[in-house]
Structure formats: C-alpha cells, structure tokens
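Architecture at a glance
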Amino acid sequence: MAMMLKDWPWPPGPAKAVTWAMTSDERLCFSYFHGHTIPTLLQSFDSTLWQKLVPQLTQHEPPVYHAMVALSAIHRSSEDNGMQLATPASFKAQDAWHRFAQDQLGRSITLLNQRCASQDPCLRDVILVCCLLFVLADLLRGRYEDAFSHLRSGLCILKELQVANQGLVEQCIVSAFAHLDILSSHYDRAFPIFSSDSQPGPTQSISHGIPGSGLYFRSLPEVRIAFDSLLRSVYRLGSRCLGMSDVEVALDYETLQGQQLAVWS
C-alpha cells in the first residue's frame, strides 16, 4: 500500500517530534495531512486550529494522531475517486486506504475510551478535536448520519461546559464546531444546537473606529464570527418554520413575526 503514495511530499520537521513508532503507511498519511489536507481545511476553518493546535496534538496525543491518520487516508482516497462524497460501498470495501482508515479510527476510539475517567484538563480538547476529525472523516466517506452523530456529541460537550461555565476550551475548536453547527442546519432540523452566547456576537466582535466612521472589523475572523452569529439566528428560526403548514404559521404568526423581526434588527 505504501507504494501508492510514494510521491507524497514529506513536510520538514513535524513527524520527527512524534515520540512513538510510526508505520510506513502512517508516515505517508502524516505527510499527506500536512502537505494536502491542512491546506484544504484552511479554506473553511480557522487557521489556528489546523496550523497550530491540531499539529501539536498529533505529536503528543495518540488518539488525535490516529484520527488524523484516518482522515488523511480517506482524503487521499477520496481525491483519487474524484472527491465523491457519497463513495460507493463497494469501492470502500475494496479500497485498502478505507480499510486502513477504519482501523485507525478504531484505535483512536479505543484510546479515548481508556482515558474516559482521566482528570487531565487537556483531555477535553483531545476529545473535541478527535470528534471534529471523526466528523470530517465520516463526511468524506458519505456516512452522514455518523457525521451528524459525532457533531451532536461534540456540540453537547461544549454546551455542558458552557452551562457549567467551564470555558477552558480553545476558541478555535469552539469556532469550528459552531461553523459546522450552522452548515448542518441545511440538512438536519436538529441543528443548530449551539447557543450563540458561546461566541462573540456582532457587537462584541467589532471595535469603534475613528469618530464619525462608525464601526469596523479588525480582521476577517471577526467578520466571520459576526456573520456566523447572524446565520445561527436565521437558521434557528428557519429550522423551526421548515415544514410548517399555512395553518400552523397562521396560528403562531405573532410569535414567528416577532422572532423574525428580532433576527433582522
């Protein structure tokens, strides 16, 4: 199987920091993740998450490492298959990289289960990053129900931490889950799940500029946070109205109109 990926570029440095033995296939997937998967993910997610946090965790946390290897293998296989999200089951059964990825995902889950009773404060970031990698791996394999299940699990963890006022989670992780929460509302009425209170709203993420110039954004991430906050409110209302009959809308018209005006204001 390693011969299939002999031309993958090897990024300087990162694999040397891994403290455990790597198989040749894991090494190739590690290389592909840094050379191809991360640049692809940077098009949709916070750069801090993929350029800093995830690479750091893959070097020191075996559960994240195996989940990363699995995602990388699936990504490469998907590219070879023309990036068809709903990959045919027959193809996956015959594809060595899909079988390899499934084994890596199993290892990651086993390692997480072994640490479920740990009091390590870093464990929550490890669990959430693994959950995020599971979501992306399932989406690439066309296993949408599994992806939504993992996403709901991650969002529930974040909500529990929010209720308990335990905000000790990297903001880039929160932002990634919040973004997926919004996107998933297009496909499943269970979303959005996450409270908009967990992220800065539009007025929190902008600063006053020169007198008379109004408000301005200091960076593109601030723009996206503000935009995501607005989208979350819109989709939460939309998911409630989706599928309602004219009679149901008429019976609850005043409430729905008030919520609509609140979103628009």
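Every value quoted in this text rests on a predicted model; they were computed, and no experiment measured them. (Residues numbered from 1 in each chain as written. Predicted model: local features only at pLDDT ≥ 70, side-chain atom pairs only at ≥ 80, totals over all residues. Heavy atoms only, no water.)

**Points about the overall build of the chain**
When its secondary structure is counted, the chain shows 11 helices and 2 strands. Sequence-ordered secondary structure for the chain, helices as α and strands as β, is α-α-α-α-α-α-α-α-β-β-α-α-α. Entry remark: accessible area of the chain is about 14000 Å², with carbon and sulfur atoms responsible for 57%. (Helix = DSSP H or I, 4+ residues; strand = E, 2+ residues; numbered from the N terminus. Areas by Shrake-Rupley, 256 points an atom, 1.4 Å probe, with all protein chains shown as cover.)

**Points about the packing of helix α2 (residues 47-60) against helix α3 (residues 62-80)**
Running from N to C, α2 and α3 point in directions that differ by 115°, and their axes come no closer than 6 Å. Taken together, the axes of α2 and α3 lie roughly perpendicular to each other. Note on packing geometry: the crossing formed by α2 with α3 is left-handed. Where α2 approaches α3, its residues Leu-57, Thr-58 and His-60 are matched on the opposing element by Pro-62, Val-64, Tyr-65 and Met-68. For the contact of α2 with α3, the per-class residue count stands at 5 nonpolar, 2 polar and no charged. (Axes fitted to C-alpha atoms, helices over the stretch in contact; angles between N-to-C directions. Parallel < 35°, antiparallel > 145°, perpendicular 65-115°, else oblique. Left-handed = near helix turned anticlockwise from the far one by under 90°. Contact = heavy atoms within 4.5 Å. Nonpolar A, V, L, I, M, F, W, Y, C, P; charged D, E, K, R; others polar.)

**Regarding the state of the cysteines**
Note on terminology: a disulfide is the covalent bond linking the sulfur atoms of two cysteines. Using the criterion set out here, one finds 0 disulfides in the structure. A disulfide-free cysteine, Cys-156 has its sulfur positioned 9.6 Å from the sulfur of Cys-131, the nearest such atom. For Cys-156, a relative accessible area of 38% gives the class partly exposed. (Disulfide = S-S within 2.5 Å. Buried < 20%, exposed > 50% of the residue type's maximum accessible area, 1.4 Å probe, protein only.)

Without other data, these values stay purely geometric and don't point to any function.
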